[in-house]
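Working through the structure, step by step
These are the residues of each chain, in order.
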Amino acid sequence: MILSKSEFCQFSLKAKKRLVMEYGELLLDRCFVEEKVCIYKIYEFHVEAIYNAQNNELIKMEPIYSIPLLKYYVTSSRRK
Amino acid sequence: MAKNSSFIDTIDQIITDGVKKGILHLNNEDEFLEGNLIKLKGKDVVNFGSCSYLGLEFDRRLKDGAIDAIEKYGTQFSESRAYVSIKLYKDLEEHFEKIFKAHVLISPTTTLGHIAAIPVLVSQNDAVIIDHQAHNSIQTACNLLKPKGIHVELVRHNRLDLLEEKIKELKNKHEKIWYMADGIYSMYGDACPVKEIYALMDKYKELNLYVDDAHGMSCFGINGSGYVMSFGALHPRAVLAVSLAKAFATGGAVLVFPDKELARKVRTCGGPLITSGPMQPSALGAALASAKIHLSDEIYELQNTLQDNIQFARLMIKKYGLPIISASAAPVFFIGVSLPKLGYNMVHRMLNEGYYLNLGIFPAVPMKNTGIRFTITCLHTFSQIEKMIERMAHHLTIALNEEEISMNQIYSAFKLPIPSDVQIEEQVVSILNAGSLVIEKHKTIHAIEQNEWDNLLGANGSFDWNGLQFLERSFTNNKIAEENWEFDYLMVRDENNKIILATFLTTAIWKDDMLSHSSISAQVEEQRINDPYFLTSKVVSIGSLLTEGEHLFLDKNSAHWKSALQILFKYISQLQEKYEANNIMIRDFISEDPEIDSYFIDNGYFKINMPNSYVVDDMNWKSTDEYLQRLSSNGRYDVKRYVLRDEDKFEVKIITDPSEKDLEMYYNMYLNVKNNSLTLNTFNLPFKAFKNMISLKQWDITTLSLKTEFDIKNLNKPLAVMFCYVACNNYVPMILGLDYSYHKEYRVYKQAMYSAIKRAKNLNCTKMYMGFAADSEKKMFGAKPRATYGYMQTKENYNLEVLGSYNAFQNKQSTKTKNDIISI
């Protein structure tokens, strides 16, 4: 059974991480100076996960609402 | 109905049925356990029945704690704590004092904790009110108070309005009032309204709280101190008991007290704390390790993980449309399935799918409120939870179809609002599934052809067509509620118009203690002086309160008999809703039939033993001597000694047209007998019924008077009157009235019975139905006992529980009466 974006958002950060690990698929990851960004596909939407690049601690995990931001991540990778 | 030895038999029957079906009393087959898989019947299944909510049972630190304690102190320290306690006890109690920030006592189990604490806490002048869904262990401990004469009663679950009413009623008569409750209720997983109870405690200084938070411990609160303590410090008049055998993962229990003196007193005087064995070193060592986790921030990590899983499970249940019964943050879930047969089916199916779940069944819940109970722990993954719920939803659709139950029935059984899509689906299915059986429903016997009815049921007792006409006239349009019965008739025919099932039903107010021991009824009647409808219930019953015999015609040779019974069950449920009745009774089965037993249990009924009914079926004698030869030697002796010796002193009259005054006298004689016996405790019959008997030729009225020369008290009136129903060669003495003026000199009841037998013979009757009770007298006259039983279903068990709470008083006041004679 799929979860909607709003249902996903009701969960704690730790639970979101578990949901993504159990149900999601990693599409891309990019490293910046202080952060690592991963894009996952879960259910019928995509989420952006931001990790502390130093200790790999998950800081934030939210569905992607901003297309320009997604494009930025993709182009960042191209630059690399 | 009494919660007596047959209640134990009922539990035995239901649990044994579950054992036979392979879902209860299971044993796991693992040589080694780790995680949430267990091996049952050769198969690894995900365990959704564990109460180890935080999954700490496999934590290395707890295992090491247990091993270390064994290494240091051995496998046991076998000494009562009254003498010496192992050092680990002191260490552990210090840790718990930090967790609860209060005074504590450790007990080997929660049950022993209750048994130690409650009799010490509750004094002679106190009163106890138990939430009727409070755990059985609390109720067991409270039963110890009853022989001391301490006032103990039940209150409906979480009904603080009713609790307040009881407080007002009791507070001037008792020093303290103890309310006994659970923090999280073990079956439905709903919670105790702690804030509201504390507010009541602030309002009424007499109110004290004793709460068992077994399922809340560790899962909630600062340092895992439990659900109750998640609302702040323990109320100064509250005592808490928590289990260490659930989320805490070590076994044992803790009692938490608001003051040191109370803790000391229970430690000193609490029975099991003096005489029972202590917790053993391994459990104490593991508990110490678990307590250390509880005192660290790690407990909040675990609590959060559990809450994530609970939240996910709730969301999945909602998405898959399962009928969940309560909504709280607890890790206990209850999916309603209504009838036991669906519960068995579902647990079986889920076991085959690789998921072990509990069956929530009577007596933990009412029969019609059977459900699938499951628990969530930190060890479950989201995908395990989702797959289990997805499979449950998948199988529920199939099982509903197999068991011919609708979702609508489930929602109705639990009084839940029925979703609109479920309602529509129900209608579609009922249209598509309309079978070949023809169902006739009637509100009066006049709508049924007399010969057809009498051929089916007329010879079974006093409910032939005319008898029912009499009942309808007598028990409708009366002023008093209990004298008004609803009448309903059901006939089911096959495609060839052949009757498969026929019966009549009455809906009336019954006394719940009708079949209880008379000493219990005596106590209940005392309460009814101020509250006439105390412990009474509206009952939809096959037959009526005034008839006996096999009221159900069922052609078991028909291939459709089960379908016909299903129609009956559905019809009764509809009547139960329509008349807002609590209980259903399908009664007066004579011969044992295991197939019927099993079918009724699967459909949510439990079997109850009714009193023996007595029948004289050998009327083939021509003289008194011949009759006497048919009796046992004791019977023959008694009849000669108590009846024949005085027979000539009595005059028997057949009454055809009594005056109003005579009828009133007969009615008062009936009341004499009725008020003298509580063996079958019913409401009084209305006078109108007696008036109606006169106008129906089937009623044979006889009186028994002393001849003038022997009536030395110059009473000049009958000593006995009998109203007997004559139909289809049956003679049924139904109502007896007595005047006890000559009770010491003559055995008037025996004379009356004997004259009834002679009268039946004169009328060429071949069978005499002598009713229930007065066993020895009836046997004396050659009546044979017939074991009679019925099947019962209750919407809720509350009244049964309240009645059950009277049992301990059974021998307190014996109220055995002069005669155990009753007019039923």
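**Some details on the overall build of chain A**
- The number of helices and strands found in chain A is three helices and four strands.
- In chain A, the succession of helices and strands from N to C terminus is α-α-β-β-β-β-α.
- On C-alpha atoms alone, chain A measures out to a radius of gyration of 12 Å, which is about the 12 Å that the 2.2 N^0.38 rule sets for 80 residues.
- C-alpha extents for chain A along the principal axes are approximately 40 × 25 × 20 Å.
- Residues counted as buried form 38% of the 80 residues belonging to chain A.
- Within chain A, counting contacts between residues at least 6 apart in sequence, those at least 24 apart form 33% of the total.

**Thoughts on the packing of helix H2 (residues 13–23) of chain A against helix H11 (residues 298–319) of chain B**
- Running from N to C, H2(A) and H11(B) cross one another at 60 degrees; their axes reach a closest spacing of 10 Å. Classified by the angle their axes make, H2(A) and H11(B) are oblique. In this structure, the crossing between H2(A) and H11(B) has a hand that is right-handed. Residues Lys14(A), Ala15(A), Arg18(A), Leu19(A) and Tyr23(A) of H2(A) pack against Glu301(B), Thr305(B), Asp308(B), Asn309(B) and Phe312(B) of H11(B).
- Partitioning the contact of H2(A) with H11(B) into residue classes produces four nonpolar, two polar and four charged.

**A closer look at the interface of chain A and chain B**
- With 15 residues of chain A at the contact, the number on the chain B side is 15 residues.
- Summing both partners gives a buried area of about 1,400 Å² for chain A against chain B, and 52% of it is carried by carbon and sulfur.
- When the buried area of chain A at its contact with chain B is split by residue, Met1(A), Phe11(A) and Arg18(A) rank highest and sum to 44% of it.
- Between the two partners, chain A and chain B, sit two salt bridges.
- Linking Lys14(A) and Glu301(B) is a salt bridge whose minimum nitrogen-to-oxygen distance equals 3.7 Å.
- For the side of chain A that touches chain B, the leading source of residues is H2(A), giving six residues.
- Of the residues assigned to the side of chain A that touches chain B, the class counts are eight nonpolar, three polar and four charged.

**Notes on the confidence of the model for chain B**
Residues and elements named next belong to chain B.
- Put simply, chain B has an average pLDDT of 89, and 95% of its residues get 70 or more.
- Counting contacts from residues 1–5, a segment whose pLDDT is below 50, to residues more than four positions away or on other chains yields 20 contacts.
- With pLDDT under 50 throughout, residues 808–824 is counted as low confidence; its partners more than four residues away or in other chains account for 49 contacts.

**A closer look at the sheet that holds strand E7 (residues 207–212) of chain B**
Residue and element names in this part refer to chain B.
- Strands sit in the order E3-E9-E8-E7-E6-E4-E5 across an open sheet of seven strands; the sheet is mixed. Looking at strand neighbours, the two that pair on one side only are strand E3 (103–107) and strand E5 (151–155), the edges of this open sheet. Within the sheet, the average angular offset between the axes of one strand and its neighbour, ignoring direction, is 20 degrees.
- Against the sheet, helix H4 (residues 110–121) makes contact with E3, strand E6 (177–182), E7, strand E8 (238–243) and strand E9 (253–257), and its axis sits at roughly 170 degrees relative to E7, the strand it touches most.
- Packing of helix H5 (residues 136–143) onto the sheet brings it into contact with strand E4 (127–131), E5, E6 and E7, and relative to E4 it is tilted by some 160 degrees.

**Considerations on helix H6 (residues 160–170) of chain B**
Residues and elements named next belong to chain B.
- The set of residues buried in H6 consists of Leu160, Leu163, Glu164, Lys166, Ile167 and Leu170. One side of H6 holds all its buried residues, which, seen down the axis, span an arc of 165 degrees.
- Against E4, E5, E6, helix H7 (194–203) and E7 lie the buried residues of H6.

**Overview of the pairing of strand E20 (residues 606–616) of chain B**
All names here are of chain B.
- Of all 11 residues in E20, eight are buried, a share of seventy percent or more.
- As paired elements, E20 and strand E26 (residues 784–794) share eight bridges and run antiparallel to each other. By the bridge assignment for E26, Asn609 is matched with Tyr789.

**Some points on the nonpolar core**
All names here are of chain B.
- The biggest cluster of nonpolar side chains holds 193 residues, and the ones touching the most others in it are Phe96, Phe100, Tyr179, Phe374 and Met392.
- Those residues in contact with Phe100 that sit more than four places away from it in its chain are Met217, Ser225, Met229, Leu240, Val242, Val254 and Val256.
- Grouped together as the second largest cluster of nonpolar side chains are 38 residues, Phe650, Met722, Tyr749 and Met753 included.

**What to know about the environment of Leu170(B)**
Residues and elements named next belong to chain B.
- By the secondary structure assignment, Leu170 is in helix H6.
- Classification of Leu170 by relative accessible area gives buried; the value is 1%.
- Separated by 380 residues in the primary sequence, Leu170 and Glu550 have C-alpha atoms spaced 46 Å apart.
- Once residues within four sequence positions are removed from consideration, Leu170 is found in contact with Ala127, Ile129, His151, Glu153 and Ile177.

**Overview of the side chain of Gln384(B)**
All names here are of chain B.
- Tracing the chain through its elements places Gln384 in helix H13 (residues 382–402).
- Within the structure, the side chain of Gln384 is placed 2.8 Å from the side chain of Asn36, a separation counted as a polar contact.
- When residues no more than four places from it in sequence are discounted, the contact partners of Gln384 are Asn36, Val46, Phe48, Tyr355 and Leu379.

**Observations concerning the packing of aromatic side chains**
Residues and elements named next belong to chain B.
- All chains considered together, the criterion is met by 50 aromatic pairs over all chains.
- Their ring planes at 5 degrees and their centres at 5.1 Å tell us that Phe333 and Phe374 sit as a pair that is stacked. Linking Phe333 in strand E10 (residues 332–338) with Phe374 in strand E13 (residues 370–375), this pair joins segments that are 41 residues apart in sequence.
- Accessibility expressed as a relative area gives 0% for Phe374, which makes it buried.
- The interplanar angle of 85 degrees and the centroid separation of 5.2 Å between the aromatic rings of Phe569 and Phe600 together place this pair among those described as edge-to-face. Taken as a pair, Phe569 in helix H19 (residues 561–578) and Phe600 in helix H20 (residues 594–602) lie far apart in primary sequence, 31 residues in all.

**Side note on the side chain of Asp454(B)**
All names here are of chain B.
- Summarising the element assignment, Asp454 is placed in helix H16 (residues 450–457).
- The side chain of Asp454 sits in the buried core without any salt bridge; Lys697 is the nearest counter-charge, 9.7 Å away.
- Beyond its immediate sequence surroundings of up to four residues, Asp454 is in contact with Ala459, Asp464 and Trp465.

**Quick look at the domain arrangement of chain B**
- Each assigned domain of chain B is listed here: domain 1 (36–53 + 300–430), domain 2 (60–294), domain 3 (438–609 + 795–800 + 805–809) and domain 4 (615–791).
- Computed over C-alpha atoms only, the centres of domain 1 of chain B and domain 4 of chain B are separated by 57 Å.

**Some thoughts on the pattern of salt bridges**
All names here are of chain B.
- A complete count under the given rule lists 45 salt bridges over all chains for this structure.
- Between Asp646 and Lys649 there is a salt bridge, with the nearest N and O atoms lying 3.0 Å from each other.
- Residue class for Asp646 comes out buried when judged on its relative accessible area of 3%.
- Residue classification places Lys649 among the partly exposed residues on the basis of a relative accessible area of 22%.
- Among the charged side chains, a network of salt bridges with common partners joins Lys511, Asp513, Glu525 and Arg528.

Conventions used here
- Residues numbered from 1 in each chain as written.
- Chains lettered and ligands numbered in written order.
- Predicted model: local features only at pLDDT ≥ 70, side-chain atom pairs only at ≥ 80, totals over all residues.
- Heavy atoms only, no water.
- Helix = DSSP H or I, 4+ residues; strand = E, 2+ residues; numbered from the N terminus.
- Rg over C-alpha atoms; globule rule 2.2 N^0.38 Å.
- Buried < 20%, exposed > 50% of the residue type's maximum accessible area, 1.4 Å probe, protein only.
- Contact = heavy atoms within 4.5 Å.
- Axes fitted to C-alpha atoms, helices over the stretch in contact; angles between N-to-C directions.
- Parallel < 35°, antiparallel > 145°, perpendicular 65-115°, else oblique.
- Left-handed = near helix turned anticlockwise from the far one by under 90°.
- Nonpolar A, V, L, I, M, F, W, Y, C, P; charged D, E, K, R; others polar.
- Buried area = accessible area lost by both parts, 1.4 Å probe.
- Salt bridge = Lys/Arg side-chain N within 4 Å of Asp/Glu carboxyl O.
- pLDDT = per-residue confidence, 0-100.
- Pairing = 2+ DSSP bridges.
- Arc of directions from axis to C-beta.
- Core = buried A, V, L, I, M, F, W, Y, C linked by side-chain atoms within 4.5 Å.
- Polar contact = N/O pair within 3.5 Å; in protein donor to acceptor, adjacent residues only side chain to side chain.
- Phe/Tyr/Trp six-rings, centres within 6.5 Å; stacked < 30°, edge-to-face > 60°.
- Lys, Arg positive; Asp, Glu negative; His and termini not counted.
- Domains from an automatic or database assignment.

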